[in-house]
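The residues making up each chain are set out below.
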Amino acid sequence: TGKEKLPALIVDGVDVTAPGLSLTANADAGSTANLVVQSGSLTMEGMAFVNGDVCVTGGSPRADRLTDCALTAGQLMDCARLVCWGGETTLTDGWGFSEDCHQVVTPTVFLNGGTFRTDSWMPDTIQYQLWEGSITAPGVRNWPGTHLLGDDVSITDPLDTQSDPQ
C-alpha cells in the first residue's frame, strides 16, 4: 500500500522470474529501499518500475543454488539509488525514468561489492560511487559522474581499445 516503512518487495532465498515489475513507493523512501534482493534471484525480462531505491546485498549462497544472489532486469525504471553490496546486478536495456516520475535526487549507483553490468548506454545523469566490486558499462570510464573511491574496483568499458580492465 506504500504506507509502511518497509520494502515493497524482499527476495530472500527464492528464485523469482516475472515478465515485469511495478512496485508502490514505500512511506520512508529516503532511508528504506523499496526493492531488496537479499539472497536468491529476481529476473524480469521487461521493465522493473521500482519507485524508490534498490539494494542487492549478495546474501549467503546455498549449496543447492546454481547461482548466487542476482538481480536481472530489462530496464530499471524510476530508481533513485541502486546499492550493490554483493551478488550480480545486470540491466540488459539500461535505466530510465517515466514521464510522471519527478526526481528530487540524482540517480546513483553505489558499488560496495559484487558486480554491476549493463551492455546498454546509460543516461549520463547517473552518478557512480565506486568503492569495491566490478562494473561493466559502455562509456562508464569517461562519464563525469564516475567517481573511483576505493582501490578494489574493476572497471570494464567495452568501448575501450585496451583489453585490460582498470
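In this convention, every chain numbers its residues from 1, walking through the sequence in written order. This being a predicted model, a pLDDT of at least 70 is required before a residue's local features are given, and a value of 80 or more before pairs of side-chain atoms are given or counted; all residues contribute to the totals for chains, interfaces and linings. In computing side-chain values, all of the structure's heavy atoms are included and hydrogens and water are not.

1. Examining the overall build of the protein
Helix numbering and strand numbering both begin at the N terminus, where a helix is a DSSP run of H or I of at least 4 residues and a strand a DSSP run of E of at least 2. For the protein, the count of helices and strands is 0 helices and 9 strands. Overall, the protein shows an N-to-C arrangement of helices and strands of β-β-β-β-β-β-β-β-β. Counting all 166 residues of the protein, 44% fall into the buried class. Here, residues are in contact when the closest pair of their heavy atoms is within 4.5 Å. The long-range share in the protein, meaning contacts at least 24 apart out of those at least 6 apart in sequence, stands at 47%. Where accessible areas are quoted, they stem from the Shrake-Rupley method and a 1.4 Å probe; at the residue level, only the protein chains shown are allowed to cover. Looking at the protein as shown, the accessible area adds up to about 8500 Å², and 51% of this sits on carbon and sulfur atoms. Type-normalised accessible area, obtained with a 1.4 Å probe on protein chains alone, sets the label of each residue: buried when under 20%, exposed when over 50%, and partly exposed for intermediate values.

2. Thoughts on the pairing of strand β7 (residues 108-118)
Examined bridge by bridge, strand β4 (residues 70-84) and β7 share 4 bridges and lie parallel to one another. Along β7, the bridge assignment pairs C84 with L111. Bridging between strand β5 (residues 88-91) and β7 involves 4 bridges; their strand directions are parallel. Note on β7: the bridge partner recorded for E88 is T115. Two strands pair under a simple rule: DSSP has to find at least two bridges between them. Here β7 pairs with strand β8 (residues 127-136) via 8 bridges, running parallel. Bridge pairing in β8 places T115 opposite S134.

3. Considerations on the environment of C79
By the element assignment, C79 lies in strand β4. For C79 and W95, which are 16 residues apart along the polypeptide, the C-alpha to C-alpha distance reads 8.1 Å.

4. What to know about the pattern of salt bridges
The working definition used for a salt bridge is a side-chain nitrogen of Lys or Arg within 4 Å of a carboxyl oxygen of Asp or Glu. For the structure shown, the criterion picks out 3 salt bridges. D53 is paired through a salt bridge with R81; the nearest N and O atoms lie 2.8 Å apart. Here D53, found in strand β3 (residues 35-56), pairs with R81, found in strand β4; they are 28 residues apart in sequence, far enough to count as distant. Of the residues examined, D53 reaches a relative accessible area of 8% and is grouped as buried. The partner of D119 in a salt bridge is R117, with the nearest N and O atoms 3.1 Å apart. By relative accessible area, D119 is classed as exposed at 54%. Accessibility expressed as a relative area gives 36% for R117, which makes it partly exposed.

5. A short note on the nonpolar core
Counting 33 residues, the largest nonpolar core has V54, L76, L82, W95 and Y128 as its most contacted members. With 8 residues, the single largest contributor to this core is β3. Those residues in contact with W95 that lie beyond four places of it in its chain are Q75, L76, C79, A80, L82, P107, T108, V109, M122, P123 and I126. What we call a nonpolar core is a set of buried Ala, Val, Leu, Ile, Met, Phe, Trp, Tyr and Cys residues that are connected through their side-chain atoms within 4.5 Å.

6. Remarks on the packing of aromatic side chains
To pair, rings of Phe, Tyr and Trp, with the six-membered ring standing in for Trp, must have centres within 6.5 Å; the planes then decide the type, stacked if under 30 degrees apart, edge-to-face if over 60, and tilted in the middle. With the rule as written, the count across this model stands at 2 aromatic pairs. Judged by centre distance (5.4 Å) and plane angle (85°), the rings of W121 and W143 are edge-to-face. Of the two residues, W121 is situated in the loop between β7 and β8 and W143 in the loop between β8 and β9 (146-156); the sequence distance between them amounts to 22 residues. The exposure class assigned to W121 is exposed, which follows from its relative accessible area of 52%. Overall, the relative accessible area of 8% leaves W143 in the buried class. Plain terms: the ring middles of Y128 and W143 are 5.4 Å apart, the flat faces sit at 25° to each other, and that makes the pair stacked.

7. As for the state of the cysteines
Two cysteine sulfurs form what is called a disulfide whenever their separation falls within 2.5 Å. This model, assessed by the stated rule, comprises 0 disulfides. The thiol sulfur of C55 is not disulfide-bonded, and the nearest other cysteine sulfur, from C84, lies at 8.3 Å. On the accessibility criterion, C55 (14% relative accessible area) is buried. Unpaired in terms of disulfides, C79 finds its nearest cysteine sulfur in C84, a separation of 9.3 Å.

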